[in-house]
Amino acid sequence: MDENNTDMDENSTESVGDEIQSTPIDNDAKAVNIGSGVRVDGRIEGAETSDISGTLTGTLKSSNININSKGAFSGDMSGHEITISGSVDGEINSEDYLIVNNSANIKGVIEYTSLQVSYGARIQGTLRHRGSVQSYSSVSTDEVKEDEINENHEGDQ
Amino acid sequence: MALFGSSEKKPEVKTEFMFDTESTINQSTLAKDIKINGSLESTDYIDFSGHLTGTIKSSTINLKSGSYVKGTITADTITIEGEVDGDIQAKDIYIKSTAKIKGNIRYQNIDIQNGSIINADLFYSS
């Protein structure tokens, strides 16, 4: 229901024209909105809310992420609260809530803290719970630590 | 002679019939303290609360909270409230908030409740 509403809102603002768009949706909101039919390639960081109804390829870091039913994402995304109703190909990293609606189609790796999947959703890939599988998340930090240690040793020598 | 014979046989036949007809719903319940090493198979419904290492196969399997299964689970419909370490294959899988799952999940439809801990590879098949 929510996705439909937002889709309709986007369509209505587009059709009404510049007058409504010119009302300043303040940039302080750190909002990203990619409308349906719009394609974006690249890296988005520091966003508060991201609503994707179009196609986004690349990296997305945002506190709240909504991939709406028309939306398609491929690449790496990370955020706190993520809702997927569209298609995702790649990696999802959710620190708080990940909600997968029944229209979702996901391929890839999902790292989550709290996950809810509605009957009908398609997920192909790997699920990792953030709390329980520390080995996954600590692999990268261990590597960094080892590098640091090696550097330190080199420094000592 | 004929009268005696018939009166003796009748009650026996009746009790056998009652037994067979009343057990058409094959619902098995396995309690908490049951431990199985091997395989558990049914054509209908299994309510499982115990510990099992091996395989479970049934039409409907209900793994209650506190249950533990290590091995392979195959069914049309599986509801998981307990702990599973292994391969799960079903048309419909319902994973409840108390569930802990490790392994592979092959499914057609899946429903996952908030709070469950899943570290698994998911395979969707239509």
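Residues numbered from 1 in each chain as written. Chains lettered and ligands numbered in written order. Predicted model: local features only at pLDDT ≥ 70, side-chain atom pairs only at ≥ 80, totals over all residues. Heavy atoms only, no water.

*Asks:* Is there a simple way to explain the overall build of chain A in this structure?
*Replies:* Check the secondary structure of chain A and you find 3 helices and 8 strands. Mapped from its N terminus to its C terminus, chain A presents α and β elements in the order α-α-β-β-β-β-β-β-β-β-α. Put simply, 7% of the contacts in chain A that link residues at least 6 apart link residues at least 24 apart. Total accessible area on chain A stands at roughly 9,100 Å², and carbon and sulfur atoms take up 44% of it. (Helix = DSSP H or I, 4+ residues; strand = E, 2+ residues; numbered from the N terminus. Contact = heavy atoms within 4.5 Å. Areas by Shrake-Rupley, 256 points an atom, 1.4 Å probe, with all protein chains shown as cover.)

*Asks:* Help me understand the overall build of chain B, please; the structure alone is not making it clear to me.
*Replies:* Check the secondary structure of chain B and you find 1 helix and 8 strands. Counting helices and strands in the order they occur from the N terminus, chain B gives α-β-β-β-β-β-β-β-β. Counting over 126 residues, chain B shows a buried share of 34%. Sequence-distant contacts, at least 24 apart, represent 0% of the contacts inside chain B between residues at least 6 apart. Of the roughly 7,400 Å² of accessible surface on chain B, a fraction of 52% belongs to carbon and sulfur atoms. (Buried < 20%, exposed > 50% of the residue type's maximum accessible area, 1.4 Å probe, protein only.)

*Asks:* For this particular structure, what's the right way to read the interface of chain A and chain B?
*Replies:* The figure often quoted for interface size is the accessible area lost as the parts come together. The interface is formed by 19 residues belonging to chain A together with 19 residues belonging to chain B. Across the chain A/chain B interface, buried area totals approximately 1,700 Å², and carbon plus sulfur atoms make up 43% of it. In this structure, the connection of chain A to chain B is made through 0 salt bridges. For the pair chain A and chain B, the number of links is 16 residue pairs in polar contact (both at pLDDT 80 or more). Looking at the side of chain A that touches chain B, the elements with two or more residues in it are strand 7 (114-117) and strand 8 (122-129) of chain A. Per element, the largest residue contribution to the side of chain A that touches chain B is 8 residues, and it comes from strand 8 of chain A. Across the side of chain A that touches chain B, the residue classes tally to 8 nonpolar, 9 polar and 2 charged. For strand 8 of chain A and strand 8 (residues 117-124) of chain B, the ladder comprises 3 bridges, and the chain directions are antiparallel. Note that in strand 8 of chain B the partner of A:Gly125 across the bridge is B:Leu122. (Buried area = accessible area lost by both parts, 1.4 Å probe. Salt bridge = Lys/Arg side-chain N within 4 Å of Asp/Glu carboxyl O. Polar contact = N/O pair within 3.5 Å; in protein donor to acceptor, adjacent residues only side chain to side chain. Nonpolar A, V, L, I, M, F, W, Y, C, P; charged D, E, K, R; others polar. Pairing = 2+ DSSP bridges.)

*Asks:* Would you take a moment to explain the nonpolar core for this structure?
*Replies:* Soluble globular proteins tend to pack their nonpolar side chains together in the buried interior. Formed by 54 residues in total, the largest nonpolar core has its most connected members in A:Met77, A:Ile84 and B:Ile105. Once residues within four sequence positions are removed from consideration, A:Ile84 is found in contact with A:Ile67, A:Met77, A:Ile92, A:Leu98, A:Ile99, A:Val100, A:Asn101, A:Ala104 and A:Ile106. (Core = buried A, V, L, I, M, F, W, Y, C linked by side-chain atoms within 4.5 Å.)

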